[in-house]
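Structure at a glance
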Amino acid sequence: MSEKNIEAKPLSYEILKQAVAGFAAAIRCRSTLQPAAGEGTKVFPPTHSGGAYATEQRRLAGREQPVECVLLDSVQSQANRMEDALQDAIDRGIVEMPLIIVEFGDEVADVQRVTSLQAPHRAADAILRDSLLDGKPFRHSEVGKRITDSNLANATALFEYCPHALVLGVWDSTGPKGGLGAKFARALVSEVVGIDAVIGKKTASRIDPLQMRAAAKVIKEKDGSWKVAKDDKAKGAVSPSEINHGNIPPDVTEGGVSISSAEHTAVLSLPQLRRLRFPLDGKYDPKRDDAGRTVLAALALVGLTLAGERGFDLRSRCLLFPINAMHFELLEVPGNPSPLTISSAAAIAILTQSVEDAKKLGLRWNSKPIVLKPSPQLIELVKRSQAIAANSVEGGDE
C-alpha cells in the first residue's frame, strides 16, 4: 500500500497504454527479502576483483545516518535473470516474442544453441555477428543491415527482431560502425541490495578418509593421469593435494555477510521508451510509436514478474525469500504514486493485446525466430577453446 493507503488497482492494458502515451515517469517495484534460513543468517554476495564484495554506504528512508549496504545482485545480473525467465517462458509456450537463434546442433560439444536472450550483447553480440543467415554473414543480410542501421529515431528493426534489447539496453559496438554503433539505454533496471551489511568469516577444510600425506609425492601426466613418484626428488613430483587427495587444513577467511534485510528494487523508465520511434517506409505515426512503446513496456513487466515469481535463488548460499509481495507503483501524479498489482499472467495478457494492436498499425512481431548457422571459423574457434580448456584441466596448466 502507498503512504495514503490507496487501494492498489490491477494493471490493465488501458492503464499501461495511457501511462506510456501520457506523462507518467515510471513504474517501480519494491519488495523486502530475508535469507531463506531466517533473519540474521548469512548470505554470500557475488565477489569481484580480488575476491571483494561490492559494499557502500547508502541513505535510506527513515535512517538519519548512511547505512552499510552490499550488492547481492547487480543490474546486469538481474537483466540476465529476466532474459532467462523469458527464454524459459518461450520454451514452455506461454510467451511468443521475436528471437534470433544460432543453432550449433552437434557441431561442438555442450553447445546446442545460443539465442539473443542468452547472448551477452543481445542483438549486437559477436556470436550473432560471426554466424550466417542463408549463407551470408549475418551483418551482411537484410535483417543484419536493418539492425545495424537502428537508432532511437528508427528502432523498428530491433522491435521486429530483438525487442528486449530496447528494454534492457544494447550498444552495437561489434558491428560495422564499431564504437559509433547505436546505443540504447536500459529502460528497465533492477537490483538486489543487502541492508546493514556486516562481513563475516568462512571456514574451509577437508578430511581425507585415506589420510594421504604430502610427503607421498605423485607425478601428473599430460593426459590427466598420474603415477606415484619414486621419491620426493623426482622430476615433476608434487603433493597428492594436486590431484585432489589429502587433507586440507582448517582455514578461516573473510566470507559472507549478515544483513537486517535485502531490498529488491526495479524501475521501468517510461521517458526512455518515449525516445523510441518506429517509422515504416520512412514515415512516422505517433499512434504507431505509442503502440510500439506500450508493447515494450508490457514486455518489460512480463520479464520482471516472471523473474520475480521464480524466486531469488541468487547463487550458492544466497537464497532469499520475500516477506511481502512485489509492490508496484505508477509514478504519474507528482508526490502521489498509484499502487498497482501485476502478475506475470496479467502482464502476458497485456503483452498479447498490445502486440495485436501494434500489428494493426503495421508493426511486425515475429514469433517465428530468425535462425542462424555458426560460421566455420566460429565453430573452429569454439572447438579450439574447448580443447585448450580440457588440456588446462588435465595437465594442470593455466
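In case you missed it, the structure is sitting above this.
Residues numbered from 1 in each chain as written. Predicted model: local features only at pLDDT ≥ 70, side-chain atom pairs only at ≥ 80, totals over all residues. Heavy atoms only, no water.

1. Here we look at the overall build of the protein chain
The helix and strand tally for the protein chain stands at ten helices and 23 strands. The principal-axis extent of the C-alpha atoms belonging to the protein chain is close to 80 × 60 × 35 Å. Evaluated residue by residue, the protein chain yields a buried proportion of 42% over its 398 residues. Counting only contacts in the protein chain whose residues sit at least 6 apart along the sequence, the fraction spanning at least 24 positions is 74%. Roughly 21,100 Å² of accessible area belongs to the protein chain as shown, and the carbon and sulfur atoms make up 52% of that amount. Separation of charge centres in the protein chain, based on 49 positive and 49 negative side chains, amounts to 3 Å. (Helix = DSSP H or I, 4+ residues; strand = E, 2+ residues; numbered from the N terminus. Buried < 20%, exposed > 50% of the residue type's maximum accessible area, 1.4 Å probe, protein only. Contact = heavy atoms within 4.5 Å. Areas by Shrake-Rupley, 256 points an atom, 1.4 Å probe, with all protein chains shown as cover. Lys, Arg positive; Asp, Glu negative; His and termini not counted. Charge placed at Lys NZ, Arg CZ, Asp CG, Glu CD.)

2. Points about the sheet that holds strand β8 (residues 131-133)
Strand order in this open sheet of five strands is β7-β6-β23-β8-β9, and the pairing throughout is mixed. The open sheet has two edge strands with one neighbour each: β7 (111-115) and β9 (136-137). Note that strand β6 (residues 100-108) and strand β23 (residues 370-374) share three bridges and pair parallel. Looking across to β23, one finds that Ile-101 is bridged to Val-371. (Pairing = 2+ DSSP bridges.)

3. Section: the packing of helix α1 (residues 13-21) against helix α8 (residues 286-310)
Following both chains from N to C, one finds α1 and α8 inclined at 120 degrees, their axes separated by 9 Å at the closest point. Compared by their axis directions, α1 and α8 come out oblique. Crossing hand, α1 versus α8: right-handed. Contacts between α1 and α8 pair Tyr-13, Leu-16, Lys-17, Val-20 and Ala-21 from the former with Asp-290, Arg-293, Thr-294, Ala-297, Ala-298 and Leu-301 from the latter. Looking at side-chain class alone, the contact of α1 with α8 contains seven nonpolar, one polar and three charged residues. (Axes fitted to C-alpha atoms, helices over the stretch in contact; angles between N-to-C directions. Parallel < 35°, antiparallel > 145°, perpendicular 65-115°, else oblique. Left-handed = near helix turned anticlockwise from the far one by under 90°. Nonpolar A, V, L, I, M, F, W, Y, C, P; charged D, E, K, R; others polar.)

4. What about the pairing of β6?
Examined bridge by bridge, β6 and β7 share four bridges and lie antiparallel to one another. Of the residues in β7, the one forming a bridge with Glu-103 is Arg-113. Connecting the antiparallel pair β6 and β7 is a turn made up of two residues, with Asp-110 showing a positive phi of about 70 degrees.

5. Focus on the packing of aromatic side chains
Per the stated rule, a full pass over the model turns up two aromatic pairs. Among the aromatic residues, ring-to-ring pairing joins Phe-159, Phe-278 and Trp-365 into one connected group. When the ring centre of Trp-171 is taken as origin, the NZ or CZ atom of Lys-183, which lies over that ring, is 4.2 Å away. Its guanidinium or amino end placed over the ring of Tyr-284, Arg-277 lies 4.0 Å from that ring's centre, counting from NZ or CZ. (Phe/Tyr/Trp six-rings, centres within 6.5 Å; stacked < 30°, edge-to-face > 60°. Lys NZ or Arg CZ within 6 Å of the ring centre and 35° of its normal.)

6. A short note on the sheet that holds strand β13 (residues 198-206)
Pairing within the open sheet is antiparallel, and its three strands lie in the order β3-β17-β13. At either margin of the open sheet sits one strand with a lone partner, and together these are β3 (42-43) and β13. As paired elements, β3 and strand β17 (residues 248-258) share two bridges and run antiparallel to each other. Its bridge partner being in β17, Val-43 is matched across the sheet by Val-257.

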